[in-house]
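Single-letter residue listing:
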Amino acid sequence: MDNSVFYKLSYGLFVVTAHEGDRDNGCVTNTVVQQTTTPNRISVTINKNNYTHDMILRTGVFNVSVLSEDAKFDTFKHWGFQSGKDVDKTKDFTFFRLENGVIYIVDGVNAVMCAKVEQTVDLGTHTLFIAEVTDAFVTEDTPSATYSYYHKNIKPAPQNRKKGWICTVCGYIYEGETLPDDFVCPTCKHPASDFRKNS
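Residues numbered from 1 in each chain as written. Predicted model: local features only at pLDDT ≥ 70, side-chain atom pairs only at ≥ 80, totals over all residues. Heavy atoms only, no water.

Q: Just checking my understanding: could you explain the packing of aromatic side chains for this structure?
A: By convention here, two paired aromatic rings are described through the distance between centres and the angle between planes. Counted by the stated rule, this structure contains seven aromatic pairs. Centroid distance Trp79 to Phe93: 5.7 Å. Interplanar angle 75°. Geometry classified as edge-to-face. With Trp79 in helix α2 (residues 73–80) and Phe93 in the loop between α2 and β6 (95–97), this residue pair connects regions lying 14 residues apart in the sequence. On the basis of relative accessibility, which here comes to 1%, the residue Trp79 falls in the buried class. (Phe/Tyr/Trp six-rings, centres within 6.5 Å; stacked < 30°, edge-to-face > 60°. Helix = DSSP H or I, 4+ residues; strand = E, 2+ residues; numbered from the N terminus. Buried < 20%, exposed > 50% of the residue type's maximum accessible area, 1.4 Å probe, protein only.)

Take a look at the structure:
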């Protein structure tokens, strides 16, 4: 257990992966937080519409790949902007499978944690998973990718100039004069608060 992994967590972006049967899945999130140090516990909040959510709920284990500033936009596009029900999330990615049976991705990652769920909390549209970290290691010294770094250096500038509202996470454009308060992005499942006026 390399406790320096936890220094990589602050304000970071992560790929949370799960495995069930012969299927692997994963999603990009920014909700991984260290809860306690003895034992080492983390929490992660996952949208219930995400296929990864169901796999973690049934198997009770997941891995966290901490994305670094070396991460490419394709990593976010592949793991965060499309459903694992429709595509093979491991295709075209280098990954390793750890002892808990779950993969972690290699490129653009500076730390990895394996976690075993101890408690779940129903938050309505999301579930909070509180888990013990069973293994943790640093893979490189590159700083973690934050949301601000992602928007400034990783995500390409929007090419579409249609009027409406643009999702600041994935670039989806809602064409309408007003955005409903309860609108959820059909691509990345982020709420209306993550949209800005596109003019």
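Q: Sorry if this is basic, but what is going on with the sheet that holds strand β10 (residues 164–167) here?
A: By way of backbone hydrogen bonds, the strands of a sheet pair with one another, either parallel or antiparallel. Spatial ordering of the open sheet is given by β11-β10-β12, a layout of three strands whose pairing is antiparallel. Here the strands that pair on one side only, and so sit at the sheet edges, are β11 (173–174) and β12 (195–198). (Pairing = 2+ DSSP bridges.)

Q: I keep staring at the pattern of salt bridges and nothing clicks. Help me out?
A: Where charged atoms from two side chains of opposite charge come close, those side chains can pair. The full count for this structure, using the stated rule, is five salt bridges. One salt bridge in this structure joins Arg58 and Glu20, with 2.8 Å as the shortest N-O distance. With Arg58 in helix α1 (residues 51–59) and Glu20 in strand β1 (residues 14–20), this residue pair connects regions lying 38 residues apart in the sequence. According to the relative accessible area criterion, Glu20 is partly exposed, its value standing at 24%. (Salt bridge = Lys/Arg side-chain N within 4 Å of Asp/Glu carboxyl O.)

Q: Would you take a moment to explain the side chain of Thr17 for this structure?
A: Structurally, Thr17 is set in strand β1. Within the local environment of Thr17, its side chain forms a polar contact with the backbone oxygen of Ile103, the two atoms lying 2.5 Å apart. (Polar contact = N/O pair within 3.5 Å; in protein donor to acceptor, adjacent residues only side chain to side chain.)

Q: How should I be thinking about the environment of Asp74 in this particular structure?
A: By the secondary structure assignment, Asp74 is in helix α2. For Asp74, a relative accessible area of 54% translates into the label exposed. Expressed as a C-alpha distance, the spacing of Asp74 and Lys155, which sit 81 residues apart in the sequence, is 9.3 Å.

Q: Explain the nonpolar core to me, please; I cannot follow it from the model alone.
A: Within soluble globular proteins, side chains that are nonpolar tend to cluster in buried spots. If you look at the biggest cluster of nonpolar residues, it comprises 25 residues, and the most contacted ones within it are Leu67, Phe76, Phe81, Cys167 and Cys188. When residues of this core are traced back to their parent elements, those giving at least two are α2, β7 (103–105), β8 (109–122) and α3 (147–154). The element contributing the most residues to this core is β7, with three residues. (Core = buried A, V, L, I, M, F, W, Y, C linked by side-chain atoms within 4.5 Å.)

Q: Teacher, can you tell me more about the pairing of strand β9 (residues 126–138) here?
A: Note on strand geometry: in a regular strand, side chains alternate between the two faces of the sheet. Of the strand pairs in this sheet, strand β4 (residues 40–47) and β9 are connected by seven bridges, and their pairing is antiparallel. Counterpart to Ile42 in the pairing with β9 is Ala131. Across 11 bridges, β8 lies against β9 in antiparallel orientation. Across the sheet, the residue bridging to Thr120 is Phe129, located in β9.

Q: Any chance you could explain the sheet that holds β9 here in plain terms?
A: Read from one edge of the open sheet, seven strands run β2-β1-β5-β8-β9-β4-β3, paired in antiparallel fashion. Every other strand in the sheet has two partners, leaving β2 (23–29) and β3 (33–37) as the edge strands with one partner each. In this sheet, neighbouring strand axes are inclined to one another by 35° on average, regardless of whether the strands run parallel or antiparallel. Here seven bridges tie strand β5 (residues 61–67) to β8, and the two strands are oriented antiparallel to one another. (Axes fitted to C-alpha atoms, helices over the stretch in contact; angles between N-to-C directions.)

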